[in-house]
Amino acid sequence: MKPLLRRFVVTLGVVASVGVIALAWFAMIAEPCEYTPLYDRPSPTDRYVAELYQADCGMMSHSLMLFVRDRSALSFSLGARPPGAVVAVDQDLGPFDDVIWEGETRLVIEYSSNLHAPELTRREWGGVRIEARHVEPTR
């Protein structure tokens, strides 16, 4: 193989490899959902924060997602997803009536829906206990 042709083939291979890596990186960080913040609830000492987002993931796919994060820790998020850990999800956009802190390490999700409770993806995160509590609807 001639030296010029060899350089061309090697350069083409390097460029193609870099292109594949770049495409994989963009595919990894591409988030199909768009998150809209609804409200946040800081803990009594302001160390933790619980944030409720509405996730719009395309046609007919909406949900509420509750994230908890430690404000004193470094936050890193890929793409459009909010930082923190998902602790509760609801597909019906309804049962989150309120999110309250009872002390520094207990997060309570209050709901009044008679149909179902929000789906807890975690019961504990970073020393914070998470629980769902049914409350009677107020009129």
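The coordinates are above.
Now for a look at the structure at hand.

Rules of the game
- Residues numbered from 1 in each chain as written.
- Predicted model: local features only at pLDDT ≥ 70, side-chain atom pairs only at ≥ 80, totals over all residues.
- Heavy atoms only, no water.
- Helix = DSSP H or I, 4+ residues; strand = E, 2+ residues; numbered from the N terminus.
- Buried < 20%, exposed > 50% of the residue type's maximum accessible area, 1.4 Å probe, protein only.
- Contact = heavy atoms within 4.5 Å.
- Areas by Shrake-Rupley, 256 points an atom, 1.4 Å probe, with all protein chains shown as cover.
- Salt bridge = Lys/Arg side-chain N within 4 Å of Asp/Glu carboxyl O.
- Pairing = 2+ DSSP bridges.
- Core = buried A, V, L, I, M, F, W, Y, C linked by side-chain atoms within 4.5 Å.
- Patch = residues over 30% accessible without salt bridge, like charges linked within 9 Å, V, L, I, M, F, W, Y side chains within 5 Å.

## What to know about the overall build of the protein
Here is step 1: If you tally the helices and strands in the protein, you get one helix and nine strands.
Here is step 2: Listed N to C, the secondary structure of the protein is α-β-β-β-β-β-β-β-β-β in terms of helices and strands.
Here is step 3: For the protein, the proportion of its 139 residues judged to be buried stands at 29%.
Here is step 4: For the protein, the proportion of contacts with a sequence separation of at least 24, taken over those separated by at least 6, is 42%.
Here is step 5: Working note: accessible area of the protein is about 9,200 Å², and carbon and sulfur atoms make up 59% of it.

## Section: the pattern of salt bridges
Here is step 1: This structure, assessed with the given rule, holds 10 salt bridges.
Here is step 2: For Glu 131, the salt bridge goes to Arg 129, with nearest N and O atoms at 3.7 Å.
Here is step 3: Connected through salt bridges with shared partners, the residues Glu 102, Arg 106, Arg 129, Glu 131 and Arg 133 form a single ionic network.

## Examining the sheet that holds strand S2 (residues 48–56)
Here is step 1: Strand order in the open sheet formed by five strands is S1-S2-S3-S4-S7, with antiparallel pairing between adjacent strands. Each having just a single partner strand, strand S1 (34–42) and strand S7 (119–120) make up the two edges of the open sheet.
Here is step 2: The pairing of strand S3 (residues 62–70) with strand S4 (residues 85–90) spans five bridges and is classified as antiparallel. Across the sheet, the residue bridging to Val 68 is Ala 85, located in S4.

## Points about the nonpolar core
Here is step 1: Residues Ala 50, Leu 66, Phe 96, Leu 107, Ile 109, Trp 125 and Ile 130 are the most contacted members of the largest nonpolar core, which totals 18 residues.
Here is step 2: When residues of this core are traced back to their parent elements, those giving at least two are S2, S3, S4, strand S5 (98–101), strand S6 (106–111) and strand S9 (128–134).
Here is step 3: If you look at the next biggest cluster of nonpolar residues, it comprises eight residues, including Cys 33, Tyr 53, Ala 55 and Val 89.

## Examining the sheet that holds strand S8 (residues 124–125)
Here is step 1: Taken in spatial order, the four strands line up as S5-S6-S9-S8 in an open sheet, and their pairing is mixed. Each end of this open sheet is capped by a strand with a single partner; those strands are S5 and S8.
Here is step 2: In terms of strand pairing, S5 meets S6 through four bridges, oriented antiparallel. Opposite Trp 101, over in S6, you have Leu 107 as the bridge partner.

## Concerning unusual backbone geometry
The phi angle of most residues is negative, glycine excepted, and most peptide bonds adopt the trans form.
Here is step 1: A positive phi angle is found at Asp 46, which is not glycine, with a value near 70°.
Here is step 2: Relative to the helices and strands, Asp 46 is located in the loop between S1 and S2.
Here is step 3: On the basis of relative accessible area, Asp 46 is assigned to the partly exposed category, the value being 41%.

## A few points about a nonpolar patch on the surface
Here is step 1: Taken together, the side chains of Met 1, Leu 5, Phe 8, Val 9 and Leu 12 make up a nonpolar region of the molecular surface, amounting to roughly 540 Å² of accessible area.
Here is step 2: Tracing the backbone shows Val 9 in helix H1 (residues 3–29).
Here is step 3: For Val 9, a relative accessible area of 43% translates into the label partly exposed.

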